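# Breakdown of the fold
Read off the chains here:
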Amino acid sequence: MVENVLEMQGIAKSFGGVHALKGINFKLKKGEIHALLGENGAGKSTLIKVLGGIHKPDHGDIFIDGEKVNIESVQDARSYGIGIIHQEIVLVPYLSIAENIFLGREPKNSLGLKDIKHINEQSQKMLEKLGLQIDVRKLVGELTIAQQQLVEIVKAISFNVKILVMDEPTSSLSNEEVNYLFKTMEKLRQQDISIIYISHRFEELFKMTEQITVIRDGTYVGTVETNKTTSNELVSMMVGREIENLYTRTPSVQNEEVLRVENLSQKGVFEDVSFCVRKGEILGFSGLVGAGRSEVMQAIFGAFPYDAGHIYLNGEELKIKNCIKAIEKGIAMVPEDRKGQGLILGNSVGFNLTLANLKNLMENKLFMSEKKRKKEIDQYVEDLRVKTASSDIAVSSLSGGNQQKVVIAKWLAIKPKLLILDEPTRGVDVGAKSEIYSIINNLANEGLAIIIVSSDLPEIINMCDSVCVMRSGMLVKQLEKSEVSQENIMRYATGG
Ligand SMILES: Nc1ncnc2c1ncn2[C@@H]1O[C@H](COP(=O)(O)OP(=O)(O)OP(=O)(O)O)[C@@H](O)[C@H]1O
Ligand SMILES: [Mg+2]
């Protein structure tokens, strides 16, 4: 009897000079949920793309149900029952949800035309099975990132899959949505479907998986049974060293107020939001996805309207109409959606790093100091350990987590007075996380006022001096450091 549905042996893949995979082994049992774990840039997504027929491996063999197969295309992968939810959403924004689900395999009616009615009905049923109440005729471009991710999931499982791969499916989902997803995974497991699960969140791995395979720098490190391992063991397998302190926070709050927001409202989105941030303070914003946190932050940054209320920066009332003005005033924001708002993907790492800071890098009115620019780029690449072959390659070829580091560095470079970070460590591995936290802490100690919006509760609890909890567009509670706990935050966030 063949126990493994899938076996990958000695898979190697290079891109030019970059050896992304140097010989990876991976075995997947029938009906198990098996995690693939590794630092940003370790090669997880690349391995998955080999399995999905997107990349052709340079070496190595793939066996499905004990038989050697050749996966040359996405179609091939599907015909072997492999379904993949990729890390970066690949839906077509100007098509409806239903059209996206059936893209490339649209049923035809008796006239030979796309049978829209059938497509809509079938898609609606699939969504309902997952407990989602969204009209499938809606355009994908109008959905939130979380909703788009759920559509990806519905789409992947709508094919008859026996191996389902999820590459960081929860990175932009709320707790509730994550629970839906977990229930769905449980159902799939009962149907003997095997799942490869990629996530940087240890609590998810411990909750959902049976085995964990760790890879590092494109090499296979080992496979462990989940209930026989510890997070410490996993971390040292992943990074090859122990991380002593994930969170660094030496509070340095001063009296001087930097930002004051009074009764900020935008009809139907947020209402009567008031708070202030002082020099050296890290203020957290917590709440369920859709509570209005990101919109409030965007309003402060000039990227979202408000119809009532006041915003003051260093005592001066701001009437900001766009982000350029906000940046001039000293406000920087690391957005939640790095693809849409944070990076110009076709351009180089170096270009993106210095994009927001060009003004400070000018020699005079006309010329940029190439030396200064180069120095600054090298500094950030080193400080944040951005894994890139050189700063001249396109940012799109970096792994997901390394792209996130570039977005953060880009905004740090302008040395703002107020720094807003929206989900700063989403998709970032533990090693890089601890580096990002220590940088945030240093910035606060230098006197920056910092706001962190995050769904990662340990991050909020450990890094912030005080936490504002939002629910349905309202700031329902500001918790002092001593009151901050997981239970308290969830209680106010859910109203329970
Ligand atoms: N198309 C490509 N061209 C050049 N280099 C690439 C390409 N795709 C991936 N790489 C490189 O291969 C390495 C592995 O990247 P990969 O995306 O597989 O990492 P990952 O483990 O999925 O990381 P993350 O946790 O950040 O998603 C990285 O160094 C990356 O820059
Ligand atoms: Mg990846």
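Residues numbered from 1 in each chain as written. Chains lettered and ligands numbered in written order. Predicted model: local features only at pLDDT ≥ 70, side-chain atom pairs only at ≥ 80, totals over all residues. Heavy atoms only, no water.

## Quick notes on empty space enclosed by the protein
In plain terms, the rule: A cavity here means a set of 1 Å grid points, computed over protein atoms only, where a 1.4 Å probe fits but cannot escape. A pocket is an open set with protein on both sides within 12 Å along at least 5 of 7 lines, and lining residues have an atom within 4 Å of a point. Grid points are joined across faces, edges and corners, and a volume is the space filled by probe spheres set on the points. Strands here are runs of E lasting at least two residues and helices are runs of H or I lasting at least four, both read from the DSSP assignment and numbered beginning at the N terminus.
One pass over the full model with this rule turns up 1 cavity of 30 Å³ or more. The computed volume of the largest cavity comes to approximately 90 Å³. Where the lining of the largest cavity is concerned, the elements lending two or more residues are β13 (282-287) and α17 (486-494). Tallying contributions element by element places α17 first for the lining of the largest cavity, with 3 residues.

## Remarks on the site of ligand 1
Applicable threshold: When we say a residue is near a molecule or strand, we mean one of its heavy atoms is within 4 Å of it. Think of a polar contact as two N or O atoms within 3.5 Å of one another; within protein, one of them needs to be a possible hydrogen donor and the other a possible acceptor, and neighboring residues in sequence only count if both atoms come from side chains. Note on areas: Shrake-Rupley, 1.4 Å probe, and residue coverage restricted to the protein chains presented here.
G41, K44, T46, S399 and G401 are the nearest of the 18 residues found near ligand 1. With respect to ligand 1, the side chain of K44 contributes an N or O atom lying 2.7 Å from an oxygen atom. Note that an oxygen atom of ligand 1 is positioned 2.8 Å from one of the side-chain N or O atoms of S45. Considering ligand 1 on its own, with 640 Å² of exposed area, one finds that the protein chains cover 85% of that surface.

## Brief notes about unusual backbone geometry
The line we're drawing: Three labels apply to residues, based on accessible area from a 1.4 Å probe with only protein chains included: buried if under 20% of the type maximum, exposed if over 50%, partly exposed otherwise in between.
Of note, D192 is a non-glycine position whose phi angle comes to about 70°, a positive value. Exposure remark for D192: the relative accessible area of 41% places this residue in the partly exposed category. Phi is positive for N263, which is not a glycine, with a value near 50°. Among the structural elements, N263 can be located in strand β11 (residues 257-266).

## Observations regarding the pattern of salt bridges
Condition: Salt bridges are defined as contacts in which a side-chain nitrogen from Lys or Arg sits within 4 Å of a carboxyl oxygen from Asp or Glu.
Under the criterion given, the structure shown has 19 salt bridges. As a salt-bridge pair, E121 and K117 come within 3.6 Å of each other at their nearest N and O atoms. Here E121 pairs with K117, and both are found in helix α4 (residues 116-129), just 4 residues apart, close to one helical turn. For E121, a relative accessible area of 42% corresponds to the partly exposed category. What you see here is one network of salt bridges that share partners, running through E186, R189 and E210.

## With respect to the side chain of S123
Rules: Any pair of residues with heavy atoms lying within 4.5 Å of one another is described as a contacting pair.
Following the sequence through the fold, S123 ends up in helix α4. Beyond its immediate sequence surroundings of up to four residues, S123 is in contact with A98, I101, F102 and V136.

## A word on the sheet that holds strand β4 (residues 59-64)
What counts, and what does not: Only strands joined by at least two bridges in the DSSP assignment are considered to pair. Axes here mean lines fitted to C-alpha atoms, for a helix over just the part in contact, with angles spanning 0 to 180 degrees between N-to-C directions.
Spatially, β2-β1-β4-β5 is the arrangement adopted by the 4 strands of the open sheet, whose pairing is antiparallel. Two strands in the sheet have a free side with no partner beyond their single neighbour: β2 (18-29) and β5 (67-69). Strand-to-strand twist in this sheet, taken as the mean axis angle between neighbours without regard to direction, amounts to 25°. Here helix α1 (residues 44-51) sits on the sheet in contact with β1 (4-15), β2 and β4, set at roughly 115° to β1.

## Considerations on the packing of aromatic side chains
Basically, it comes down to this: Planes of paired rings set the category: under 30 degrees apart is stacked, over 60 is edge-to-face and the rest tilted, where pairs are Phe, Tyr or Trp rings (Trp by its six-membered ring) whose centres lie within 6.5 Å. Each ring is checked for a lysine NZ or an arginine CZ that lies within 6 Å of its centre and within 35 degrees of its normal; such an atom marks a charge sitting over the ring.
Summed over all chains, the structure comprises 5 aromatic pairs. Relative to Y197, the ring of F182 lies with its centre 6.5 Å away and its plane at 65°, an arrangement referred to as edge-to-face. Taken as a pair, F182 in helix α6 (residues 175-190) and Y197 in strand β8 (residues 194-198) lie far apart in primary sequence, 15 residues in all. Residue Y197 is classed as buried on the basis of its relative accessible area, which comes to 0%. Between the NZ or CZ atom of R105 and the centre of the ring of F159, over which it lies, the distance is 3.7 Å.

## A word on α6
Here is the rule: What a helix should span is 1.5 Å times the count of its residues minus one. Picture the helix axis, draw a direction to every C-beta atom, and the arc is the one those directions span.
With 16 residues, α6 should reach 22 Å at 1.5 Å per residue; the first-to-last C-alpha distance of 23 Å fits that figure. Along α6, the residues classified as buried are E177, V178, L181, F182, T184, M185, L188 and R189. On an axial view of α6, the arc spanned by its buried residues comes to 160°, and they lie on one face. Away from the buried face of α6 by more than 90 degrees, exposed residues E176, K183 and Q190 are located. Those residues of α6 that are buried lie in contact with β3 (33-37), α5 (145-158), β7 (163-167), β8 and α7 (202-208).

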